[in-house]
Amino acid sequence: PTPSPTSRLRAYLCRRLTPAIEAALHERFELAVNEDDSILPPADIVQRARGAELLFVTATESLRAETLAQLPGLRTIATLSVGFDHIDLPAARAAGIRVLNTPDVLSDACAEIALMLLLNACRRGHEADQMVRSGAWPGWAPTQLLGMGLVGRRLGIFGMGRIGRAIAVRARGFGLRIQYHNRQRLEPGLEDGALYFDSLDGLLQHSDILMIAAPGSPALRGVFDAERLARLPRGAVVVNISRGDLVQDEALIAALRNGHLLGAGLDVFANEPQVHPGYRTLNNVFLSPHIGSATHETRDAMGWLLIHGIEALARGQSPDNLLT
Ligand code: DGY
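Residues numbered from 1 in each chain as written. Predicted model: local features only at pLDDT ≥ 70, side-chain atom pairs only at ≥ 80, totals over all residues.

Asks: Quick question: what am I supposed to make of the site of the ligand here?
Replies: Around the ligand, a shell composed of Thr 58, Ala 59, Ser 81, Val 82, Gly 83, Leu 106, Gly 292 and Ser 293 is seen. Among the residues forming the shell around the ligand, the class breakdown is three nonpolar, five polar and no charged. (Near = placed C-beta within 6 Å. Nonpolar A, V, L, I, M, F, W, Y, C, P; charged D, E, K, R; others polar.)

Asks: Please clarify how the sheet that holds strand β1 (residues 10-13) should be interpreted in this entry.
Replies: Strand pairing in a sheet takes place through backbone hydrogen bonds and is either antiparallel or parallel in direction. One open sheet holds the five strands; their spatial order is β2-β1-β3-β4-β5, and the pairing between them is parallel. For this open sheet the edge positions go to β2 (30-33) and β5 (98-100), each flanked by a neighbour on one side alone. Between one strand and the next, the sheet's axes are offset by a mean angle of 20°, whatever the strand orientation. Along the sheet, helix α13 (residues 296-314) makes contact with β3 (54-57), β4 (76-79) and β5, crossing β4 at roughly 160°. (Pairing = 2+ DSSP bridges. Helix = DSSP H or I, 4+ residues; strand = E, 2+ residues; numbered from the N terminus. Axes fitted to C-alpha atoms, helices over the stretch in contact; angles between N-to-C directions. Contact = placed C-beta atoms within 7 Å.)

Asks: Can you help me understand the sheet that holds strand β12 (residues 285-287) in this one?
Replies: In spatial order, the strands read β8-β7-β6-β9-β10-β11-β12; together these seven strands make up an open sheet with parallel pairing. Edge strands, defined here as strands with exactly one partner in the open sheet, are β8 (195-196) and β12. Note that strand β10 (residues 236-240) and strand β11 (residues 261-266) share five bridges and pair parallel. What sits directly across from Val 239, in β11, is Gly 265.

Asks: I'm lost on the domain arrangement of the chain in this one. Help?
Replies: Once the domains are mapped, the chain shows domain 1 (10-105 + 295-314) and domain 2 (107-287). Here the C-alpha centre of domain 2 lies 31 Å away from the C-alpha centre of domain 1. Counting residues at the interface gives six residues for domain 1, matched by seven residues for domain 2. (Domains from an automatic or database assignment.)

Asks: Could you clarify how one ought to interpret unusual backbone geometry in this entry?
Replies: Generally, phi is negative for residues other than glycine and the peptide bonds are trans, each holding for most cases. At the junction of Glu 272 and Pro 273, the peptide bond is cis and its omega measures out at 5° in the coordinates. At Leu 145, a position not held by glycine, the phi torsion is positive, near 50°. Within the secondary structure layout, Leu 145 lies in the loop between α6 (125-133) and β6 (154-158). Overall, the presence of 12 C-beta atoms within 10 Å leaves Leu 145 in the exposed class. (Buried ≥ 20, exposed ≤ 12 C-beta atoms within 10 Å, placed from the backbone.)

Take a look at the structure:
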């Protein structure tokens, strides 16, 4: 067989991937692996990946300018994530390092988790599970665990990108009315009847459920503060599948505690894997550990997208998932 154009590349794999993807990586690269799958702080990445031309990371590895500066041989970073807020892209660009990510292939899986959170937040999934699991269920009752029905409610999507639109497709099936805010309005073909708000505050004022689906970035850090959350109607629900740092935890916890918000569903947290202890004390929050893209087929597809991107780069092409 013709040798792969990537066969001599020295690569370091920061996190364990699915068996199919790890086998494919071993076939193609001179690969060293962080066998125990620990989350590596930057200093450890520098030490272990020294001499590697290709580095496989995920959103748990932070690659700031000072870390990249200590990896002089590095030519390509492949991140098993659609988000890239953990990588200093301008610094990578300046150092001539190309960065690949994994858009599109995870949109359906993330949308499924978004709906899981939405349904659990509106229909009190955590309390329901607790009642059965703890043995405290007294039996069916007409007024037990009443939640918020979805038909005719307004779902405000902040960040109507590929994942936002995959959420909208599913949410329409539940009878939700879709509206959104992006910096720029979508082309009519992509809007699919969703109502556009040119201001975030306008969207908040008119949404029964807020779905946070915009990509994480320094500019959005803390954007959902007490003032913004107060713009949501009383009894609204908040779902976050983006990045935890878009939300000010203290403000969200206060709004959930004082009854302004009915509930929340959170898959992402600031400073993961730490979770603000306030959330654990609240029964009206449904929590999941950043599992948006966590299906077998999606994680394989993410891995293949990176491999094909690296092979395209080796052939001198510019793959669609090349960030810089
Ligand atoms: C992503 O793909 O960005 C997910 O949040 C996992 O990191």
